[in-house]
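Geometric and topological summary
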Amino acid sequence: SQQGEEDPQALSIQEGENATMNCSYKTSINNLQWYRQNSGRGLVHLILIRSNEREKHSGRLRVTLDTSKKSSSLLITASRAADTASYFCATDSGGYQKVTFGTGTKLQVIP
Amino acid sequence: ETGVTQSPTHLIKTRGQQVTLRCSSQSGHNTVSWYQQALGQGPQFIFQYYREEENGRGNFPPRFSGLQFPNYSSELNVNALELDDSALYLCASSPPQGMSTEAFFGQGTRLTVV
């Protein structure tokens, strides 16, 4: 079963615009990670935010975490065509490092 | 490139057959996890191996089994294949516990069961 759900399921924007994806999860977590997947290939780790952090930046990426609402958002600024991919949030609730993935947001950036 | 390699990249099997998928973990990583990703879905956790022992299992039947070797590479075996087993199988390796929980994924094996 999926721990998280991303919203929206699909997003289409013009190059240069910002893209925001949201993730909601069900149980308490140690950390939350965002991954990118191109065309059904392997996942690429983007950013990890710990449960005691509220915001984190990495290049054009900004992630926020609200543990009271059990939600996170990923903002990609100044999007590029190369950002076209599926984006997944993944939660780690501790124990044996099992990471549980959400359902994904499919982002299309139109040149 | 993550340093995690999976083989083969694509595979076609017949219902009822058995399949073995392989994964070489990134250097220094002693934990390997396997995921099944059906088309249009997020990856689903199958199981994890730590120091050659199964260290957690998702909601998958016993016909899904695995191994981890002393060099931390791993195999996923699926017996009595069913059509619904068609999916992308992803392997991820992680550093020793206590370090970052970031997982490094291979490119996956696309399994088609006909």
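Below is a summary of the structure that appears in this document. These figures come from a predicted structure and were not determined experimentally.

Per the secondary structure count, chain B includes 0 helices and 11 strands. Scanning chain B from its N terminus toward the C terminus, one meets helices and strands in the order β-β-β-β-β-β-β-β-β-β-β. Its C-alpha atoms give chain B a radius of gyration of 13 Å, within 12% of the compact-globule value 13 Å for 114 residues. In terms of overall dimensions, chain B has C-alpha extents of about 40 × 25 × 25 Å along its principal axes. Residues counted as buried form 49% of the 114 residues belonging to chain B. Taking the contacts inside chain B whose residues are at least 6 apart along the sequence as the reference set, 53% of them involve residues at least 24 apart.

Residue and element names in this part refer to chain B. Positionally, Gln6 belongs in strand 1 (residues 5–7). On the basis of relative accessibility, which here comes to 10%, the residue Gln6 falls in the buried class. Side-chain polar atoms of Gln6 contact the backbone nitrogen of Gly108, separated by 3.0 Å. Sequence-distant contacts of Gln6, defined by excluding residues within four places in its chain, comprise Arg22, Cys23, Trp34, Tyr89, Leu90, Cys91, Gly106, Gln107, Gly108 and Thr109.

Moving on, we come to the interface of chain A and chain B. At the interface, 21 residues of chain A touch 25 residues of chain B. In total, about 1900 Å² of surface goes out of reach between chain A and chain B, with carbon and sulfur atoms giving 46% of it. The interface formed by chain A and chain B contains 0 salt bridges. In this structure, the connection of chain A to chain B is made through 3 residue pairs in polar contact (both at pLDDT 80 or more). Elements supplying a minimum of two residues to the side of chain A that touches chain B: strand 4 (31–37), strand 5 (43–50), strand 9 (85–92) and strand 10 (99–101) of chain A.

It is worth spelling out the packing of aromatic side chains at this point. Overall, the coordinates contain 9 aromatic pairs over all chains when judged by the stated rule. Geometrically, the ring pair formed by Tyr35(B) and Phe105(B) is tilted, given 5.7 Å between the ring centres and 50° between the ring planes. You can see Tyr35(B) sitting in strand 4 (residues 31–37) and its partner Phe105(B) sitting in strand 10 (residues 104–105), a full 70 residues away along the chain. With respect to class, Tyr35(B) is no different from Phe105(B); both count as buried. Among the aromatic residues, those joined into a cluster by ring pairs are Tyr35(A), Phe88(A), Phe101(A), Tyr35(B), Phe45(B) and Phe105(B).

Time to look at the state of the cysteines. Here, disulfide denotes a covalent bond that connects the sulfur atoms of two cysteines. Residues and elements named next belong to chain B. One pass over the full model with this rule turns up 2 disulfides over all chains. Two residues share a disulfide in this structure: Cys23 and Cys91, whose sulfurs sit 1.7 Å from each other. Because the sign of the S-S torsion sets the handedness, a value of about -50° for the bond joining Cys23 and Cys91 places this disulfide among the left-handed ones. Taken as a pair, Cys23 in strand 3 (residues 19–24) and Cys91 in strand 9 (residues 87–94) lie far apart in primary sequence, 68 residues in all. Each member of the pair, Cys23 together with Cys91, is buried.

Reading the values: rules and limits
- Residues numbered from 1 in each chain as written.
- Chains lettered and ligands numbered in written order.
- Predicted model: local features only at pLDDT ≥ 70, side-chain atom pairs only at ≥ 80, totals over all residues.
- Heavy atoms only, no water.
- Helix = DSSP H or I, 4+ residues; strand = E, 2+ residues; numbered from the N terminus.
- Rg over C-alpha atoms; globule rule 2.2 N^0.38 Å.
- Buried < 20%, exposed > 50% of the residue type's maximum accessible area, 1.4 Å probe, protein only.
- Contact = heavy atoms within 4.5 Å.
- Polar contact = N/O pair within 3.5 Å; in protein donor to acceptor, adjacent residues only side chain to side chain.
- Buried area = accessible area lost by both parts, 1.4 Å probe.
- Salt bridge = Lys/Arg side-chain N within 4 Å of Asp/Glu carboxyl O.
- Phe/Tyr/Trp six-rings, centres within 6.5 Å; stacked < 30°, edge-to-face > 60°.
- Disulfide = S-S within 2.5 Å.

What is shown is where atoms sit, not what they do.
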